[in-house]
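Secondary and tertiary structure notes
One-letter residues, chain by chain:
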Amino acid sequence: MMNQATSIIAEALLYSLLAGAATYIVLRLLLALLKNMPALIKYHLCNISLLIPLLIFIVSLTALTTIKDTAPVYPTQPLVATVYNNVPPTIVPARQEPVQDERLTAEMLWAEVHGIINENSQPITCLYVAGLLLFTVRLLLQYRQSQQLKTKGVLPATDEWYRLLANTMSQLRITSPIHIAFTERKISPCIIGHAKAVILIPISLANHLTTEQAEAILLHELAHYKQYDHYINLGVQCVKCLLFFNPFVWLSSGLIDKYRELSCDETAARHERNIELAETLAMIAGMQARQNSLVMSLKKRSPLLARVQALLSIRQYDKSSHRLLPAIVTTIILATGLLIAGSTKLFSTEKDNLREQLKEISAQMYKEGNHKYIFVDAVLDSLIILPAKADVLYMGSQYFSMMGSKGQVIMTVQQRERYMKKLQLFLLSVDEDKETPVTFDAIAGKGTLTMQEILNKESGFRTYTTEERYRAGIAKQGWKKVFAELVQDKLVQPSIKNFSMEYSGKGIVINGWKLEGVQEAKYVRILK
């Protein structure tokens, strides 16, 4: 079960990474197409695009709630075993190498990628959990620092600033209570929180501002408040924490920072304060301070020079462009939903198709009497992570063991019982006693089993030789056919108990007598 859980988490990380890459590429194309649209529309477009890799990640993780054994289960009613009196001889057949299909299909390639991810799923999951804890602590520390800004080194603002704040709030039609204060810290103007929002103005800057410049700052910070940027930014920081491994999430969040600030700059520009805000930004450019990612700062990470240039050349968008905003955002949300649904279906369908194909292969191998079906079941149950060297040891009802590349495969009691029951039914179906000890490898000579070996009908895994069966300890059914032919050809007597039979590259020898011609060709064909 643990293997399945880590495999699901590793695949979720992969799907989120692919979704993030595709989304970022589409986002950049859309931003290029919407070059002349308001920054607020671009800002919301960036916010929505960040949801796609997050939702793909969450949807992929929902598979954790449905972990179960996926290998096919067969009827448990015992089959009738046929008992033979003849003791099978020791046969050493010539090794026949199956023809390998070298074609690598898209399905095999996808399976190989999954195999690599699954093989390293445990270290990948451990690294992800460690990184998640680290970034969670980082986020909590930033939140604490942002709260301390409101209490440490803070002085009450003057009545003049409050009158200016009230006038600015009236222009933006904001009625909620917002406080303003001075801070001794060397930071840029910022607004902290939303329910109890506080605008902080550094004293070092406040002493050099004109009334118009102060109004420009307040317009910018109140625009953050009106756009609910505190909550949006908190959500963005949580997504960055959860998907810290995804570089495309960080690239998208950089665009979010950029267009958030530009959208607030446009608010100041609509109230004809773009020149004053540009002058203020020029002053702030000389202030060096470490920025907290949870603070809606006037400086932020958006390049100040680019913002000054945008303010000085800003165009006045007509009201119709803002009336288009709900329609554009709705369209983006719908398109995002369709993309998420399509991507999720694509990933899940690809995975389900492979799982169903493996179930069919297991059932077919079981029906054909291929004892190596058990390794396909183990792959389905994520007990064996490909590529792997694997073998089985069964010593009757008392002992069953499966070894993988990393040692003994850990099974639950229910899994072990299910595998033993199915193996016993298989032994009965090939005329063996259900307590017959058997031991065999997935690939002869302890070679490595890959998904390509499983999917390729002509591979050595999907076929089996007489030598493999006899080495595994599964000989009775094969011996029955050989013995019947020997009796029919009067090469042995029906009542004989002991005789020797050798099969090698030199031919077939029975009791010291070498078969030749048609007879040799016939038994070579049978033993293959």
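Notes on the structure follow. The structure displayed is predicted, hence computed values, not measured ones.

1. Side note on the pattern of salt bridges
A complete count under the given rule lists seven salt bridges for this structure. Among the ionic pairs, arginine 260 bridges to glutamate 261, the shortest N-O distance being 3.9 Å. The residues arginine 260 and glutamate 261 share a single accessibility class, namely buried. A salt bridge links arginine 418 to aspartate 381, with the shortest nitrogen-to-oxygen separation between them at 2.5 Å. Here arginine 418, found in helix H14 (residues 413-429), pairs with aspartate 381, found in the loop between helix H13 (373-380) and strand S6 (391-394); they are 37 residues apart in sequence, far enough to count as distant.

2. Thoughts on the sheet that holds strand S8 (residues 407-408)
Read from one edge of the open sheet, four strands run S8-S7-S6-S9, paired in antiparallel fashion. For this open sheet the edge positions go to S8 and strand S9 (438-441), each flanked by a neighbour on one side alone. Here S6 pairs with S9 via four bridges, running antiparallel. Of the residues in S9, the one forming a bridge with valine 392 is phenylalanine 440. Packed onto the sheet, H14 meets S6, strand S7 (400-404), S8 and S9 and runs at close to 105° relative to S7.

3. Here we look at a nonpolar patch on the surface
On the surface, Val26, Leu30 and Leu33 cluster together into a nonpolar patch covering about 280 Å² of accessible area. Relative to the helices and strands, leucine 33 resides in helix H1 (residues 2-33).

Quick notes on the rules
Residues numbered from 1 in each chain as written. Predicted model: local features only at pLDDT ≥ 70, side-chain atom pairs only at ≥ 80, totals over all residues. Heavy atoms only, no water. Salt bridge = Lys/Arg side-chain N within 4 Å of Asp/Glu carboxyl O. Buried < 20%, exposed > 50% of the residue type's maximum accessible area, 1.4 Å probe, protein only. Helix = DSSP H or I, 4+ residues; strand = E, 2+ residues; numbered from the N terminus. Pairing = 2+ DSSP bridges. Contact = heavy atoms within 4.5 Å. Axes fitted to C-alpha atoms, helices over the stretch in contact; angles between N-to-C directions. Patch = residues over 30% accessible without salt bridge, like charges linked within 9 Å, V, L, I, M, F, W, Y side chains within 5 Å. Areas by Shrake-Rupley, 256 points an atom, 1.4 Å probe, with all protein chains shown as cover.

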